[in-house]
Amino acid sequence: MVSGHETVLIVSDDVAMHIQNHGREAYPNECCGALIGIDNVVGKCFSLPNTTEEGPRRRFLVNPHDYRAAERHATESGCTLIGFYHSHPDHPARPSRYDLDHAWPVFAYVIIAVEKGQPGAMTSWRLREDRSAFDEAQIERRNE
Amino acid sequence: MANEVLIPTPLRAYTGKQEIVEVEGNTVGELLQNLTATYSDLRNHLYNEEGRLRSFVNIYLNDDDIRYLQKENTPVAEGDTISIVPSVAGGIGSEVMTEPMTLSNEEVARYSRHLIMPEVGMEGQLKLKAASVLCIGAGGLGSPVAMYLAAAGVGRIGIVDFDVVDYSNLHRQVIHGTPDVGRPKLDSARDRLNALNPEVTVETHNVALSSENALQLLADYDIIVDGTDNFPTRYLVNDACVLLGKPNVYGSIFRFEGQASVFATKDGPCYRCLYPEPPPPGLVPSCAEGGVLGILPGVVGTIQATEAIKLVIGVGEPLINRFMIYDALRMRFREFKLRKDPECLVCSDQPTVTELIDYDQFCGITPESTTSESTDGVEATVEGLRAEIDRGSDVFILDVREPQEFQICRIPGSTLIPLSDLPRRLDELDGRDDMVVHCKSGVRSAKAVKLLHDAGFSRAKNLRGGILAWIDRVDPSLPKY
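So, how was this worked out
- Residues numbered from 1 in each chain as written.
- Chains lettered and ligands numbered in written order.
- Predicted model: local features only at pLDDT ≥ 70, side-chain atom pairs only at ≥ 80, totals over all residues.
- Heavy atoms only, no water.
- Patch = residues over 30% accessible without salt bridge, like charges linked within 9 Å, V, L, I, M, F, W, Y side chains within 5 Å.
- Areas by Shrake-Rupley, 256 points an atom, 1.4 Å probe, with all protein chains shown as cover.
- Salt bridge = Lys/Arg side-chain N within 4 Å of Asp/Glu carboxyl O.
- Helix = DSSP H or I, 4+ residues; strand = E, 2+ residues; numbered from the N terminus.
- Core = buried A, V, L, I, M, F, W, Y, C linked by side-chain atoms within 4.5 Å.
- Buried < 20%, exposed > 50% of the residue type's maximum accessible area, 1.4 Å probe, protein only.
- Contact = heavy atoms within 4.5 Å.
- Axes fitted to C-alpha atoms, helices over the stretch in contact; angles between N-to-C directions.
- Parallel < 35°, antiparallel > 145°, perpendicular 65-115°, else oblique.
- Nonpolar A, V, L, I, M, F, W, Y, C, P; charged D, E, K, R; others polar.
- Expected span 1.5 Å × (residues − 1).

Digging into a nonpolar patch on the surface
Phase 1 of the analysis: A contiguous nonpolar surface patch, about 390 Å² in accessible area, is contributed by B:F256, B:L293, B:I295 and B:L329.
Phase 2 of the analysis: Within the fold, B:F256 resides in the loop between strand 11 (248-254) and strand 12 (257-263).

Focus on the nonpolar core
Nonpolar side chains tend toward joint burial in soluble globular proteins.
Phase 1 of the analysis: Counting residues in hydrophobic clusters, the biggest one holds 49 residues, and the most contacted among them are A:L81, A:F84, B:V5, B:L35, B:I59 and B:I84.
Phase 2 of the analysis: With near-sequence residues (within four places) excluded, B:I84 lies in contact with B:V5, B:L6, B:I7, B:P8, B:L11, B:L35, B:L46, B:V57, B:N58 and B:I59.
Phase 3 of the analysis: With 35 residues, the next largest nonpolar core counts B:V133, B:L149, B:I157 and B:M324 among its residues.

So, the packing of helix 14 (residues 382-391) of chain B against helix 17 (residues 466-473) of chain B
All names here are of chain B.
Phase 1 of the analysis: For the pair helix 14 and helix 17, interaxial distance at closest approach is 9 Å and the crossing angle is 70 degrees. The angle between the axes of helix 14 and helix 17 places the two elements in the roughly perpendicular class. Contact with helix 14, carried on its side by V382, E383, L385, R386 and I389, involves G466, A469, W470 and R473 of helix 17 and no other residues of that element.
Phase 2 of the analysis: Broken down by class, the residue content of the contact of helix 14 with helix 17 amounts to five nonpolar, one polar and three charged.

Looking at helix 9 (residues 231-244) of chain B
Residue and element names in this part refer to chain B.
Phase 1 of the analysis: In this model helix 9 runs 20 Å from its N-terminal to its C-terminal C-alpha over 14 residues, within 8% of the 20 Å that 1.5 Å per residue would give.
Phase 2 of the analysis: Burial analysis of helix 9 places twelve of its 14 residues in the buried class, which makes it a mostly covered element.
Phase 3 of the analysis: Within helix 9, burial applies to P232, T233, R234, Y235, L236, V237, N238, D239, A240, C241, V242 and L244.
Phase 4 of the analysis: Looking one or two residues beyond helix 9, the residue adopting positive phi is G245, at roughly 70 degrees.

Some thoughts on unusual backbone geometry
All names here are of chain A.
Phase 1 of the analysis: Look at the link from Y27 to P28: it is a cis peptide, with omega at 5 degrees.
Phase 2 of the analysis: Tracing the backbone shows P28 in the loop between helix 1 (13-26) and strand 2 (32-38).
Phase 3 of the analysis: Notably, D39 is not glycine yet its phi reads approximately 55 degrees, a positive angle.
Phase 4 of the analysis: For D39, the location among the structural elements is in the loop between strand 2 and strand 3 (41-48).
Phase 5 of the analysis: The class of D39 is exposed, set by a relative accessible area of 61%.
Phase 6 of the analysis: If you check the backbone angles, R131 has positive phi at about 65 degrees while not being a glycine.

If you want it as structure tokens, here you go:
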């Protein structure tokens, strides 16, 4: 069994607002970014370029170069890379088949729904060990 | 000799939290095999069920992606470092998934001939089930496209159409049957697809595709199949596909000749790279005007369905950068190479078309005049013609259709001179002042009237609505075609 499978993801207001704003700015395209922190507490997040070539209205891609930079950044600040966020423009904040096919274990996948440009529900998901599905983690907002 | 392998954050849970592990191997492939032999839980995350590296797993030898070296056969030397680097990807899918997708026993039986081929297999069939394809039009091309996609198990099939089934559709639009005449095409198409494969979801869109609704409609599907029969919609579909980054599986048919290609993919050209401008209106006749061999859309539509399925599964060589022409009379396929136009107005790096435009205007089509006053001088109505004939006037009725159309039905007393022959047979009209010119629906005869006016026959009038209007409103006993 892998450790760190908390069913709660703790997100600060700053982080939540960053994700909402990024989703709004990128609309109608998908945005994406990295989540950094310790254990299940996201202390910080930052935007990453969506490098998909399959149409940014429905896809996002963090390329290997940006991934390495995010991991390095986390390590240098004494944290770990907890996961990534992305937006679903005009779609519910639930993982798609495409998300499932491309998911990595352990990472928290935060999805923000952006309905007609307005940020809506935010959810967090973690891939099951056998890659068969996602399990939802509750997002807990915390003021710092 | 052992080399260092750098493990990314999400996989450290499977290597006892180690960031770096030492593994032996002469090639990258061998080394990864040894790695997953030691840390067996890694295997499922690095390799798919077919034993290939997952697409979002990147392996670097020092600073080079092994895809650009010798892939898994890349030799490893002493001191080389191997890094496993994730691409993190995701997005909106055709369906929201929190439970694993599987095939039921019924589906396994249904798709068994797919499943036993390695190129499709369980992985490919699940991709088909997860895929969504939008067919623009439920006509000649849309019929085989939708039917074969449904049979193949494409999970979600959308159809856009707003027409009703007509007798003249049945010789080629095999998704509709004789009892469907008069029904909306969407209704009969849905019934047929549900009967063919109840496992797939059919979504019908009873709208005329327009610049206002196209992006929203197309955005919800993975692949678009263009089965339209007119230029404004063809350009609209192309531009919307480019803007949305969705493949446009193109097909078109006329008489005995068909065309097919795959446009608007990441690396390939779009329809505008091939045809930057539409032809002048009326130059290229439609199937309604020029006819079409009924079986032709069967061939072209199945090519489109084949390409859509290949794109979904990700096998073979798609018709990207290739333009196929099929000649049914000679029974020949020809192929041209296509290239992306670096100055394409819509798909180049500096596009000037960045949103949908007015495609009727772009194609030179102006809305039909609705006021009769403005065209009084050059137009006649079928009721007016009938009254003149009844009065015994010696009005000359000129039919500019083709001889084969004349054989189907004609207005009594009319004289046939096909439009293409008219310029050199004008002398046959000498002395004819009052003249009513007609064709099937009024398009060709409008051109004939212009030609006649230019030649001095100033009193020639176009019969509005052509012989179709005559049949509808004067003589319903005649056959309609």
